[in-house]
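A look at the structure
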Amino acid sequence: MRIEAIKQVTVAGAGSMGHQIGMLFALGGYQTVIQDVNEEALNKAQEALAFQMDKWVNKGKISESEKDASFSRLTFTTSLKEAVLHADFVVEAVVEKLDVKRQVFAEVDQFAPPHTIIATNSSTIVSSLIADETERPDKVCNMHFFFPPLVMDCVEVVKGEHTSDETAQITMDLCEKINRTAVLINKEISGFIANRILGALTKEAVNLYEEGYADFEDIDLICTKALKHPIGPFALMDLSGIDVAYLVNQQRYAETGDPEDKPARCIEEKVEAGTLGRKTGKGWYDYAKA
């Protein structure tokens, strides 16, 4: 199969990542289906995309006609079977839990055409932990977008030993079609490249905070002023969701058994309290005051 054979793309999961990934494909000219089992999530996704695209029109990033054409290529459904029945390429963007992802892959494999490529947008879970749920492991890979996908110009395409060269190449080509810079990771490693580097920085920042060396605001300030990072590690956790960081650490610990990979206590406390960052109005910072 070649990139020209990709006509319809399905994104499973309409959360903070999934709905924006779907919009990228629609903007790139693909018939796109966004699926989620939660109808409320689909409604919120449509509202968020309408708001975002109106902003783009007002800023001159796209025209009104381009916006309308993109939305005409988008459909939303709660039925995974309906969503993948005619899909040529599927991106899984559900919660960062291995058992949930494996279940989604098994269902997609059951209903999607034999030629369909299935990619996971997981930020840490390698596709070899999921591919055996399908009869097409050669057509399974990681396609890791960064948050927020409509802004961030990078996708890590991770090729496992099970992934065919054709699958990896089509996934790379697809990134180019939707105007995203793709980087091929030739060997699997949990967390891939960007998140391993970011994870090391975040872990050290959290350790310094828990040991009382500095408040989290000051650690963020040092990172932005001294290291010239656009955003500090604590503010970044708020942006992407503290629960996401928690689940990533949980998955890493499940794979390694190393206590050092467990979520930090201060992260656990945020998750237990439901203060997950911007999406809940409060995390490390209080956004209700903004």
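Higher on the page you've got the structure.
What comes next is a walk through the structure. What you see is a predicted model, and the numbers here were worked out from it, not measured in a lab.

Overview of the environment of Trp 284
- Looking at where Trp 284 falls in the secondary structure, it is placed in the segment after helix H11 (265–273).
- When the C-alpha atoms of Trp 284 and Asp 238 are compared, they prove to be 6.5 Å apart, with 46 residues separating the residues in sequence.
- Aside from chain neighbours lying at most four places away, what touches Trp 284 is Tyr 209, Phe 216, Phe 234, Met 237, Asp 238, Ile 242, Cys 266, Ile 267 and Lys 270.

Examining the layout of surface pockets
- Here the second largest pocket is characterised by a volume of approximately 150 Å³.
- Looking at the second largest pocket, the residues that line it are Leu 24, Leu 27, Gly 28, Trp 56, Lys 61, Ile 62, Leu 150, Ile 178, Asn 179 and Arg 180.
- Looking at the lining of the second largest pocket residue by residue, the class counts come to six nonpolar, two polar and two charged.

Section: the sheet that holds strand S3 (residues 74–77)
- Spatially, S3-S2-S1-S4-S5-S6-S7-S8 is the arrangement adopted by the eight strands of the open sheet, whose pairing is mixed. The open sheet has two edge strands, S3 and strand S8 (182–185), and neither has a second partner. Here the average twist between neighbouring strands, direction ignored, is 25°.
- Bridge analysis of strand S5 (residues 117–120) against strand S6 (residues 140–145) gives three bridges, and the strand direction is parallel. Considered in S6, the bridge of Thr 120 is made with Asn 142.

Quick notes on the packing of aromatic side chains
- In the structure shown here, the tally under the stated rule is nine aromatic pairs.
- Plain terms: the ring middles of Phe 25 and Tyr 30 are 6.4 Å apart, the flat faces sit at 80° to each other, and that makes the pair edge-to-face.
- Taking relative accessible area as the criterion, Phe 25 reaches 0% and is therefore assigned buried.
- Ring centres 4.8 Å apart and planes at 80° place the aromatic pair Phe 234 and Trp 284 in the edge-to-face group. Of this pair, Phe 234 sits in helix H9 (residues 233–240) while Trp 284 sits in the segment after H11, and the two are 50 residues apart along the sequence.

Overview of helix H2 (residues 39–59)
- Taking 1.5 Å as the rise per residue, H2 with 21 residues should run 30 Å; its terminal C-alpha atoms sit 30 Å apart, in good agreement.
- Of all the positions in H2, only Ala 41, Leu 42, Ala 45, Leu 49, Met 53, Trp 56 and Val 57 are classed as buried. Along H2, the residues classed as buried sweep out an arc of 135° about the axis, all on the same side. Turned more than 90 degrees from where H2 packs its buried face, Lys 44, Glu 47, Phe 51 and Asn 58 sit exposed.

Re the packing of H2 against helix H3 (residues 64–72)
- Packing of H2 against H3 brings their axes to within 9 Å, and their N-to-C directions diverge by 155°. In terms of orientation, H2 lies roughly antiparallel with respect to H3. Here H2 runs over H3; the crossing is right-handed. Across from Leu 49, Ala 50, Met 53, Asp 54 and Val 57 in H2, the residues of H3 making contact are Glu 64, Lys 67 and Phe 71.
- Taken together, the residues that form the contact of H2 with H3 break down as five nonpolar, no polar and three charged.

Side note on the packing of helix H10 (residues 242–256) against H11
- At their nearest, the axes of H10 and H11 sit 9 Å apart, and the two run at 125° to each other. Classified by the angle between their axes, H10 and H11 sit oblique to one another. Judged by the sense of rotation from one axis to the other, the crossing of H10 with H11 is left-handed. Contacts between H10 and H11 involve Ile 242, Asp 243 and Tyr 246 from the former and Ile 267, Glu 268, Lys 270 and Val 271 from the latter.
- Of the residues assigned to the contact of H10 with H11, the class counts are four nonpolar, no polar and three charged.

So, how was this worked out
- Residues numbered from 1 in each chain as written.
- Predicted model: local features only at pLDDT ≥ 70, side-chain atom pairs only at ≥ 80, totals over all residues.
- Heavy atoms only, no water.
- Helix = DSSP H or I, 4+ residues; strand = E, 2+ residues; numbered from the N terminus.
- Contact = heavy atoms within 4.5 Å.
- 1 Å grid on protein atoms, 1.4 Å probe; cavity = no way out; pocket = protein on both sides within 12 Å on 5 of 7 lines; lining within 4 Å.
- Points joined across faces, edges and corners; volume = space filled by probe spheres on them.
- Nonpolar A, V, L, I, M, F, W, Y, C, P; charged D, E, K, R; others polar.
- Pairing = 2+ DSSP bridges.
- Axes fitted to C-alpha atoms, helices over the stretch in contact; angles between N-to-C directions.
- Phe/Tyr/Trp six-rings, centres within 6.5 Å; stacked < 30°, edge-to-face > 60°.
- Buried < 20%, exposed > 50% of the residue type's maximum accessible area, 1.4 Å probe, protein only.
- Expected span 1.5 Å × (residues − 1).
- Arc of directions from axis to C-beta.
- Parallel < 35°, antiparallel > 145°, perpendicular 65-115°, else oblique.
- Left-handed = near helix turned anticlockwise from the far one by under 90°.

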